[in-house]
Structures are given as C-alpha cells and as structure tokens.
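Residue-level structural notes
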Amino acid sequence: MGCGMGKSSLQEKKSIRAALLIQRWYRQYVARLEMRRRCTWNIFQSIEYAGEQDQIKLYSFFGFLMDHFTPASSERNLISHIFRENEICRDTEWERYFCYKDIEVPDSYTGPHLTFPMTFCGVSKLVEAFKQKQQLHARYVLQILGETWRLLRILPNINHVSVCQTKEITICGDLHGQLEDLLLIFYKNGLPSSEKPYIFNGDFVDRGKSSLEILLILFGFLLVYPNDLHLNRGNHEDHIVNLRSLKSGTNLIHFVFARYGFTKEILGKYRVHGKKILKLLQKIFSWLPLATVINDKVLVVHGGISNSTDLNVLSNLQYVSVLRPPKVVHQTLNGNRNEGDNGPAEGRRRVRSLTNHSSLKTFPQIVNLLWSDPMPQNGCISNEVRGGGCYWGPDVTEEVLGRHNLQLLIRSHECKQDGYEFCHNRRVLTIFSASNYYEVGSNRGAYIRMGADLVPHFIQYQASRTCRDLTLRQRYNIQKRSALRALREQLFVHKSDLIRAYREFDPHHTGKISMRHWASATETVLKLGLPWRVLRSQLVSRTHYGMVDYQQWIKELSITEPKLEVSDTSILETMYKNHSNLETIFRIIDTDHSGLISLEEFRQTWKLLSSHLKMEISDKAITDLAHSIDFNKDGSIDINEFMEAFRLVDLSAHG
C-alpha cells in the first residue's frame, strides 16, 4: 500500500514537472513571437508615418508656392484651386449649386429610396442596403449631405454631453472606410438611438473602400438623433489629405497597403455627380466639431493635446484644411476686409474665425488636436515622425487636464494591437476601431462603453472571419510576409542612394561592408527608425564572416520593374520614390476629375515635382516618359493606367 502511494506521488511529480516544462516552453515561444510581432508592427507603422511626413512636406511646398510666387506664375496657378476655401462663398449660392431636385431617380434604380426628413427606419434601410453592397443614388447622397451641412452649421466646435445612471455612451475610434467594422459594432452594441448614444472620434474616411457609405450612415443617424450621435473631426477629414490614394508612406506597395483614397473612391462611384459630392463634403468637413466633453470630465479628441491647448479658444475656431494655415485678413480704412486672392469672405460661426491675425497664433492648436501623439517622456516636442502636430508627455497631460478640471483624455489616431491602450498613468486612453488595419490579424478593433461613473469598459473584435480561423503563428506569418515585402520595396526604390551610402564605408571598393555599417547606412537613407541588425536575417540571405556583399544583396531583393524605353533611367527611380506624391499632383492638376491629363499637364506635373525635390529633370526625359505611357497615342494620359504601369512586383510573393 505504501509502495503504491510512493509510485503515485512520483508520477504526480513527473506530471507537474512536465507541465512546468510545457508551460515554460510555451511562454518562451509566445515571448519570441511577441518580440517578432513588435518588430513587424514597427515596420508597418514606420512606413505609414514616413508617408504622412512626406505628404505634409509636399503640401508645405504647395503653401510656399502660394505665399511666395506671383499670382501669374504657372506653378502657382496649377495648385491654387485646392487652397481656395470655396469657389462658391455665400450660403444662398451653395444652396442653389448643390440643389438635388433636378436629378431624377430612374425606374431602373434598384437601391434604397429615401424620404426626408430622415427617420430611424430610413437609416436602418440604408444600413441594410450597404450590407448588400448596393449603391445609393446621387440624388439621395446630395440630399443627405445638404441636410448634414445645415445641421453642422449650428453645432458648437466642442460638444458637451451628459451620461446619466440609466444609459451608457459608446465611443468609437478610427474606422478608415472599413464598413465591416462599423456594421459589427452595430451588431454587437446596437444602432444609435436616444437610448444608445455614440461618439465617433474621427478618421471615418480614406484607406478602406467604403468611406462614403460610413459617412452616409453616420450622417443619417446624426440627422435623426442630433443630440445623441456626435462626430469629431479627424486629420483625414480634410480635402487635401483625401487627394492621396495610396495608404500613406507606401509609394508603390499595392499588395500590402494599396487602399482607396477618399477622392478616388467618390469619383469612381459617382462619375457624373462626384465633383459636387466632393465639394459639399469639403464644406461639411470644415464644420465638423473638434472635440466632445462627457460630463465635464472626459475629453474626447482625435489626436491629442499640446502644452498650449486651450479649449476655450478652440471652441471658437473653424478651418478648412490643417495643411494650409489661415490667410491673414487686412482691415482697410473704410472697414472693408481684404483677403488677397481668396475671394469674398464667408460668414463664420461663433466669435473668431481663422481669417484674422490672432488665428495665426491659435491655428497650431488645431493641428495639434488632430495630429499629435503621446510620448512616455515629459515635455512637448514637434512630431517629426508624422511631420505634423506634437509629441506630448505625462506632465503636459496633467497640466492641461488639471487646468480644465478633466480626469481623462480619450483619443484615437494610432493603431493599437488590442484596439485600445492606456498611457500617462491611465489618464490618456487610445481607442482604435479599424480591425486588421495593416494586415489580416494585425490588430483587433475596439470600442468603449462608458456610464455615469466614467469608467471605460472595452469591447474587442475581429471583423475578418478568416483571421478568427487562424492560429497565432499563422497570423504572424501573414503579417511578417506583408511587412517584409513592404520593406523590400522601400529598399529597392532607394537602391542608388543605398549603394552610395554603403560605398562611404567601403573605401577600398571591395563590395563588402560590415553588418554594423550596413545597418547604419540603411537607416541613414531610409530614416525609418527600425532595428536593422535584428532584421538582417530576414533581409540579407547570406553574409561572409559578418560582411555584407551589398551589390549582390541589392540584386537579390526580388523586385521587378516595368520595361519602358526612356533616355534617362534616373527619372524612373524618381518616379518610384515619389509615386504617391506624383499621383497627388496629377489629381490636383486634373481639375475636372476626368482621370485624364494632357501631355502638357504631364510635363507641368513633373515640373512641380522637380521643384519640390530641388532637382533637375530634363524636358527630353519627361517627354520620352510621356510618350512611352501614352498607350493609345491620343495625346492624353490615363492617371490610373499610369500608376498601374509603374507598379513594382515582388517576385518573392509569387515563388
């Protein structure tokens, strides 16, 4: 009997030891996977933020042209229309311009028919129609947008809402055109109503393919429940930002980040009335509120704050684009306003507008509100990574929240793996609602439910059924492949700059440099802030005694480029590096939104780009390139075909 007990005890000890070994192995496995996942995440985020920085630099250059070139200069004329606040200035003229009554709905139309004023039933019908991939007729689109504009004009810049003991408020972060995430939120949490209030914290549009559908649903519920659905403006609710069609920072990466720009989406869906829809949305975006305050204690804003944030000042401001500072208005002796070439002044809501001297000092507050990110260190510094806004620390959070008697700041703007994240001693909370943002399985989406106690409760989800069926390793492998493809393209398009940087460490022209020098030179060129030595095994297939054969390595990047006959191959590399900026300029020059530009406009586009890059591109090289992609020889270039002609292909994705 004693012997039996001894055997049983020994067996139990072995089982416990085995269990502990398995547990230790699993924890190490998960830790290694997590370290690799964070490295992959850094690649995605670094490329995205580098693109945003590139974008802001381009529009700063446009602003420089507007401010320093003469009104008659050709460069200024090319881009001046995007900085006009409105071609039509007075509200009565807007009403006539956007009148929908002359647009007939044909009998062949099979989508939803709406009646106005909007009702809960009507918006529910709209939601169901979008679930079935139906498209709303342009007449109804303009009608919803017109009604929304009229409502937004009477709303404050900062909404104040109250939550009582009997109901909670739901707070959602970035959706970025991903309709499936919005529909899943409604399925899990219920549709907006007087008993189910919502706050949507900006960045409704860009990158996903259903930005307009999201806006129409949210605007519909706003019209039905103006006191229970609140929309904050994000940095992507900006007509200048919307011109860019690829996901920020990715240049030629169609297979990883290729997404829809909002302007391109609208013009693709509404070829006849798209221009009117875009103009009205530009107007609407400029009237969206900047923030919401819950029970005078919780501030909800898209980006963040800075050490100069003053909510009392922000409550009186309105602007059109964060990428273009306000024009100074001069008061003449007879009291008339002189606005240079911005046209007649339009009446502004509330006390102060962006068209006066004091607004030039307060304008950065709006930039910070929409573009800023928190950092762990104290202080407030310029956000060089994004190129706009600031980084603010815990001390700034304490000071600003204390000054306004607030206890919590809820913001969005940054993708988080779990859909949410606390920082600054749990006084700053980031919420992000677009799941699978970078790649399938890259992140969960989340939203917040908050009651009268102002304690946030999180609901997480994955909108992709495919992702829910994948194991942890499978999800990581998908993300890793996508991130490395993106990174290889970044390396490929900078190959000439990289080789020059590598040669600085190769004075004897051996064609080989150390791993440390390879990492240092690569970071110097790409400026992505990545751990290149950690990534070496993923990017460099072989080394010889710790040395990298950089010439051979460049050849092994597995990227193919289009075969075009041009006299100057450097123009092709310029094209690869500045693919997104070039497309942005194309779409600015394409003022009638036809998708076509003439060969002369093509030449002017390159002239603008070369001015921005401070480099010389010969007329012959531009002419050769234009003729090589004028496929049907009709003297015009299709913008979409041009972008596709310069798509690089990663052979490793097809091996």
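For the structure itself, look to the data block above.
What you are looking at is a predicted structure, and each value in this text was computed from that prediction instead of being measured.

**Looking at the overall build of the chain**
Within the chain, the regular secondary structure consists of 24 helices and 22 strands. Nonlocal contacts in the chain, meaning residues at least 24 apart in sequence, comprise 74% of its contacts between residues at least 6 apart. Carbon together with sulfur atoms contributes 51% to the accessible area of the chain, which is approximately 29,000 Å² in total.

**A closer look at the pattern of salt bridges**
Inspection of the entire model under this criterion finds 14 salt bridges. With its nearest N and O atoms 2.6 Å apart, the salt bridge here joins Glu414 to Arg411. Neither Glu414 nor Arg411 differs from the other in exposure class; each is buried. Between Lys416 and Glu414 there is a salt bridge, with its nearest N and O atoms 3.8 Å apart.

**A look at the side chain of Asp203**
Within the secondary structure, Asp203 sits in the loop between β3 (198–200) and α7 (211–224). Buried and unpaired, Asp203 has no salt bridge, with Arg207 as the nearest side chain of opposite charge at 5.8 Å. Within polar-contact distance, the side chain of Asp203 engages the backbone nitrogen of His236 at 2.9 Å. Not counting residues up to four positions away in its chain, the partners in contact with Asp203 are Asp174, Leu175, His176, Gly234, Asn235, His236, Glu237 and His302.

**Remarks on unusual backbone geometry**
Following Phe116, the chain continues into Pro117 via a peptide bond in cis, with omega recorded as 0 degrees. Tracing the sequence through the fold places Pro117 in the loop between α3 (91–97) and α4 (120–131). In this model, Asp203 sits at a positive phi of 55 degrees, which is unusual for a non-glycine residue. Given the relative accessible area of 2%, Asp203 is considered buried. Positive phi, normally seen in glycine, also occurs at Asn295, with a value near 50 degrees. Structurally, Asn295 is set in the loop between β5 (291–294) and β6 (298–301). Judged by its relative accessible area of 22%, Asn295 is partly exposed.

**Description of the nonpolar core**
With 61 residues, the main nonpolar core has Leu136, Phe200 and Leu281 as its most contacted residues. It is α7 that provides the largest number of residues to this core, a total of 10 residues. In contact with Leu281, not counting residues within four places along its chain, are Leu145, Leu212, Leu215, Phe219, Phe262 and Ile266. Phe492, Ile499, Val525 and Ile554 belong to the second largest nonpolar core, which has 39 residues in total.

**Some remarks on the packing of aromatic side chains**
Inspection of every chain in the model, using the stated rule, returns 19 aromatic pairs. Their ring planes at 85 degrees and their centres at 5.7 Å tell us that Phe186 and Tyr198 sit as a pair that is edge-to-face. Within this pair, whereas Phe186 is found in helix α6 (residues 179–189), its partner Tyr198 is found in strand β3, the two being separated by 12 residues in sequence. Side by side, Phe186 and Tyr198 carry an identical accessibility label, which is buried. Between Phe186 and Phe200, the ring centres sit 6.5 Å apart and the planes meet at 90 degrees, which makes this aromatic pair edge-to-face. Of this pair, Phe186 sits in helix α6 while Phe200 sits in strand β3, and the two are 14 residues apart along the sequence. The class for Phe186 is buried, based on a relative accessible area of 6%. For Phe200, a relative accessible area of 0% puts it in the buried group.

**Regarding the environment of Asp181**
By the element assignment, Asp181 lies in helix α6. The exposure class of Asp181 is buried, given its relative accessible area of 0%. Along the sequence, Asp181 and Tyr461 sit 280 residues apart, while their C-alpha atoms lie 8.6 Å from each other. With residues near it in sequence (within four places) discarded, Asp181 still touches Leu175, Ser433, Ala434, Ser435, Tyr461 and Ala463.

**Description of the environment of Gly177**
Here Gly177 lies in the loop between β2 (169–172) and α6. In this structure the C-alpha to C-alpha distance between Gly177 and Ser210, which are 33 residues apart in sequence, comes to 4.6 Å. Beyond its immediate chain neighbours, meaning those up to four positions away, Gly177 contacts Phe204, Val205, Asp206, Gly208, Lys209, Ser210, Ser211 and Ile214.

**What about α4?**
Over its 12 residues, α4 extends 17 Å from the first C-alpha to the last, a length consistent with the 16 Å expected when each residue adds 1.5 Å. Along α4, the residues classified as buried are Gly122, Val123, Ser124, Leu126, Val127, Ala129 and Phe130. Where α4 is buried, its residues contact α5 (138–152), α6 and α7. Of the residues one or two after α4, Lys133 is the one with positive phi, at around 65 degrees.

**Let's talk about the sheet that holds β3**
Ordered by their spatial adjacency, 5 strands build an open sheet running β4-β3-β2-β15-β16, and the pairing between neighbours is mixed. What marks the edges here is a single partner per strand, and that holds for β4 (229–231) and β16 (456–461). Between one strand axis and the next, the sheet turns through 20 degrees on average, direction left out of account. Lying on the sheet, α6 is in contact with β2, β3, β15 (445–450) and β16; it crosses β16 at an angle near 120 degrees.

**So, the sheet that holds strand β10 (residues 380–382)**
On the basis of which strands lie adjacent, the open sheet formed by 3 strands has the order β9-β11-β10 and mixed pairing. For this open sheet the edge positions go to β9 (373–374) and β10, each flanked by a neighbour on one side alone. Of the strand pairs in this sheet, β9 and strand β11 (residues 390–392) are connected by 2 bridges, and their pairing is parallel. Counted as the bridge partner of Asp373 is Tyr391 from β11.

**Section: the pairing of strand β12 (residues 408–411)**
Along a regular strand, successive side chains alternate from one face of the sheet to the other. Side-chain alternation along β12 places Leu408 and Ile410 on one buried face and Leu409 and Arg411 on a second face that is also buried. Here β6 pairs with β12 via 3 bridges, running parallel. Within β12, the residue paired with Val300 across the bridge is Ile410. Here β12 pairs with strand β14 (residues 428–431) via 3 bridges, running parallel.

**Focus: helix α18 (residues 532–539)**
For α18, every residue scored as buried is listed here: Trp532, Leu535 and Leu539. One face of α18 carries all of its buried residues, which in axial projection span an arc of 60 degrees. Set apart from the buried face of α18 by more than 90 degrees, the exposed residues are Arg533 and Val534.

**What to know about the packing of helix α9 (residues 262–269) against helix α10 (residues 274–285)**
Put simply, α9 and α10 touch, their axes get as near as 8 Å, and they point 145 degrees apart. Seen from above, α9 lies across α10 with right-handed handedness. Across from Phe262, Thr263, Ile266 and Leu267 in α9, the residues of α10 making contact are Gly274, Lys275, Ile277, Leu278, Leu281 and Phe285. Looking at the contact of α9 with α10 residue by residue, the classes come out as 7 nonpolar, 2 polar and 1 charged.

Thresholds applied
Residue positions are given per chain, counted from 1 along the sequence in the order it is written. Residues qualify for local features only when their pLDDT is at least 70, as the model is predicted, and side-chain atom pairs are given and counted only at 80 or more; totals for whole chains, interfaces and linings, by contrast, use all residues. The side-chain figures draw on all heavy atoms in the structure; neither hydrogens nor water molecules are used. Secondary structure is summarised from DSSP: a helix means a run of H or I of at least four residues, a strand means a run of E of at least two, and numbering begins at the N terminus for each. By the convention used here, residues are in contact when the closest approach between their heavy atoms is within 4.5 Å. In short, Shrake-Rupley with a 1.4 Å probe defines the accessible areas, and a residue's cover is counted only from the protein chains shown. Salt bridge, as used here: a side-chain nitrogen of Lys or Arg that lies within 4 Å of a carboxyl oxygen of Asp or Glu. Residue exposure (1.4 Å probe, protein chains only): buried if accessible area is under 20% of the type maximum, exposed if over 50%, otherwise partly exposed. By the counting rule applied here, Lys and Arg register as positive and Asp and Glu as negative, while His and the ends of each chain are not counted. Polar contacts, as counted here, are pairs of nitrogen or oxygen atoms within 3.5 Å of one another; within protein the pair requires one atom able to donate a hydrogen and one able to accept it, and residues that are adjacent in sequence qualify only if both atoms are side-chain atoms. We define a nonpolar core as any set of buried Ala, Val, Leu, Ile, Met, Phe, Trp, Tyr and Cys residues linked to one another through side-chain atoms lying within 4.5 Å. Note on aromatic contacts: the rings of Phe and Tyr and the six-membered ring of Trp form a pair at centre separations within 6.5 Å, being stacked when their planes are under 30 degrees apart, edge-to-face when over 60 apart, and tilted otherwise. Residue count minus one, scaled by 1.5 Å, sets the expected span of a helix. Two strands pair if DSSP finds at least two bridges between them. To obtain each axis, a line is fitted to C-alpha atoms, and for helices this fit is confined to the stretch in contact; angles are then taken between N-to-C directions over 0 to 180 degrees. Along the arc lie the directions from the helix axis toward the C-beta atoms. Left-handed describes a crossing in which the near helix is turned anticlockwise from the far one by less than a right angle; the clockwise case is right-handed. Throughout this entry, Asp, Glu, Lys and Arg are counted as charged residues, while Ala, Val, Leu, Ile, Met, Phe, Trp, Tyr, Cys and Pro are counted as nonpolar. The remaining residues, Gly among them, count as polar.

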